[in-house]
Amino acid sequence: MANTPDRIALISDVHGNLTALEAVLADIGSRGIELIYNLGDYVGKGPRGREVIDICRERCAVNILGNWDDFLPDPARTFDSEGLAWWLAQLGPGQGDWLRALPFSHDFLLSGRRVRLFHASATSVHRRVRFDHDEEEFHGMFANTPATGDGPAPTVVGYGDTHDPFYEVAGDGLTLFNTGSVGNSMNDPSPVYVILEGRLGSEAPGPFSVQFVRVPYDAEAEIAAATRMGMPELDGYISEVRRGVYRGAMQDPGAPRYHRRAH
């Protein structure tokens, strides 16, 4: 119908969790959404990065570079661990090259708003901007940089990386949101993704919405797959996918459980 808005599903940070990805894609399909954009971090942490890449290359209209996608297959990387070596070995022929060649960002118009998507920040996939950022960090997310390239500055920015979904509008009308994580969601371990709704490619102002969707899935089946495959760092993965507790905090009972940074 002529007045039916366009809908785009945004997924991010699948991290080799094939079970979560399949559940999210099933939910997206049940809503009749065909356009899927992926904001990066296909690999690492979970056991089936190869399969995740194959599916995303087939199903996602846009695929964007994440920090794990950049450093894991980097031939110049000097640091290694049992986990990193294992996740790298899981990649299929050419997949590492495909990951590192992904674009940094993606810009488009939606109901008169200029939308920009990237993985972590406007400057680098390796620079993290958390939900409790300051004003300077907020405005920096909308800046043109050597990484994003020139062009009209965005009024809406979506990103991933922190596994911590949020939505924020500043007083000057800029909208910033984080998609959260499909495969490695913290605090609430349920996979989460975002639906953008509006008129794609339109310069005219129109209705625009950002919706967060939580999807239940069989985390125990994912844990069983990781166990069966002999994945290293299994305890950390179980902590994250079963309880939403970051692997770095699971051995520290005194670690802060709230996600706001200490000041």
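Residues numbered from 1 in each chain as written. Predicted model: local features only at pLDDT ≥ 70, side-chain atom pairs only at ≥ 80, totals over all residues. Heavy atoms only, no water.

(A) View of unusual backbone geometry. Even without a glycine there, the phi angle at Asp 41 is positive, about 60°. Here Asp 41 lies in the loop between strand S2 (35–38) and helix H2 (49–59). The buried category is assigned to Asp 41, whose relative accessible area is 1%. Positive phi outside glycine occurs at Lys 45, with the angle close to 75°. When you line up the elements, Lys 45 lands in the loop between S2 and H2. Exposure remark for Lys 45: the relative accessible area of 8% places this residue in the buried category. (Helix = DSSP H or I, 4+ residues; strand = E, 2+ residues; numbered from the N terminus. Buried < 20%, exposed > 50% of the residue type's maximum accessible area, 1.4 Å probe, protein only.)

(B) How the structure looks around the packing of helix H1 (residues 18–30) against H2. Look at H1 against H2: their axes get within 10 Å of each other, and the N-to-C directions meet at 25°. The angle between H1 and H2 falls in the class roughly parallel. Here H1 and H2 pass one another in a crossing that is left-handed. Note on element contacts: H2 touches H1 through Glu 51, Val 52, Ile 55, Cys 56 and Arg 59, opposite Leu 18, Leu 21 and Leu 25. Classifying every residue of the contact of H1 with H2 by side-chain character gives six nonpolar, no polar and two charged. (Axes fitted to C-alpha atoms, helices over the stretch in contact; angles between N-to-C directions. Parallel < 35°, antiparallel > 145°, perpendicular 65-115°, else oblique. Left-handed = near helix turned anticlockwise from the far one by under 90°. Contact = heavy atoms within 4.5 Å. Nonpolar A, V, L, I, M, F, W, Y, C, P; charged D, E, K, R; others polar.)

(C) Highlighting a nonpolar patch on the surface. Together, Tyr 167, Val 169 and Phe 212 make up an exposed nonpolar region whose accessible area comes to about 270 Å². Residue position: Phe 212 is located in strand S10 (residues 209–214). (Patch = residues over 30% accessible without salt bridge, like charges linked within 9 Å, V, L, I, M, F, W, Y side chains within 5 Å. Areas by Shrake-Rupley, 256 points an atom, 1.4 Å probe, with all protein chains shown as cover. Salt bridge = Lys/Arg side-chain N within 4 Å of Asp/Glu carboxyl O.)

(D) Expanded view of the packing of aromatic side chains. By the definition in use, this model includes seven aromatic pairs. Here the aromatic rings of Trp 68 and Phe 71 are separated by 4.9 Å at their centres, their planes lie at 50°, and the arrangement is tilted. Placement of the pair is Trp 68 and Phe 71 together in helix H3 (residues 67–71), with a separation of three residues, close to one helical turn. The exposure class assigned to Phe 71 is partly exposed, which follows from its relative accessible area of 23%. One aromatic cluster is present, formed by Trp 68, Phe 71 and Trp 87 through successive ring pairs. (Phe/Tyr/Trp six-rings, centres within 6.5 Å; stacked < 30°, edge-to-face > 60°.)

(E) Expanded view of the nonpolar core. Core analysis: the biggest nonpolar cluster contains 55 residues, and Ile 11, Ile 28, Tyr 42, Val 43, Leu 99, Leu 176 and Tyr 193 have the highest contact counts within it. When residues of this core are assigned to their parent elements, the largest contribution, six residues, is made by H1. Other than its neighbours up to four places away in sequence, Val 43 contacts His 15, Gly 16, Gly 49, Ile 53, Trp 68, Asp 69, Leu 72, Leu 91 and Leu 99. Counting 16 residues, the second largest nonpolar core, distinct from the first, contains Leu 10, Val 62, Ile 64 and Phe 177. (Core = buried A, V, L, I, M, F, W, Y, C linked by side-chain atoms within 4.5 Å.)

(F) Representation of the environment of Gly 244. Mapped onto the elements, Gly 244 comes out in the segment after helix H8 (234–243). Judged by its relative accessible area of 6%, Gly 244 falls in the buried class. Separated by 171 residues in sequence, Gly 244 and Pro 73 have C-alpha atoms that sit 26 Å apart. The contact partners of Gly 244, leaving out residues within four places of it in the chain, are Ser 185, Met 186, Asn 187, Pro 189 and Ser 239.

(G) Structural detail: helix H7 (residues 219–228). For H7, the full list of buried residues reads Ala 219, Glu 222, Ile 223, Ala 225 and Ala 226. Along the long axis of H7, the arc covered by the buried residues comes to 160°, so they all point the same way. Buried residues along H7 sit in contact with H1 and H8. Capping the start of H7 is the job of one residue whose side-chain oxygen sits 3.3 Å from the backbone nitrogen of Glu 220: Asp 218. Positive phi appears at Gly 230, one or two residues downstream of H7, with a value of about 70°. (Arc of directions from axis to C-beta. Polar contact = N/O pair within 3.5 Å; in protein donor to acceptor, adjacent residues only side chain to side chain.)

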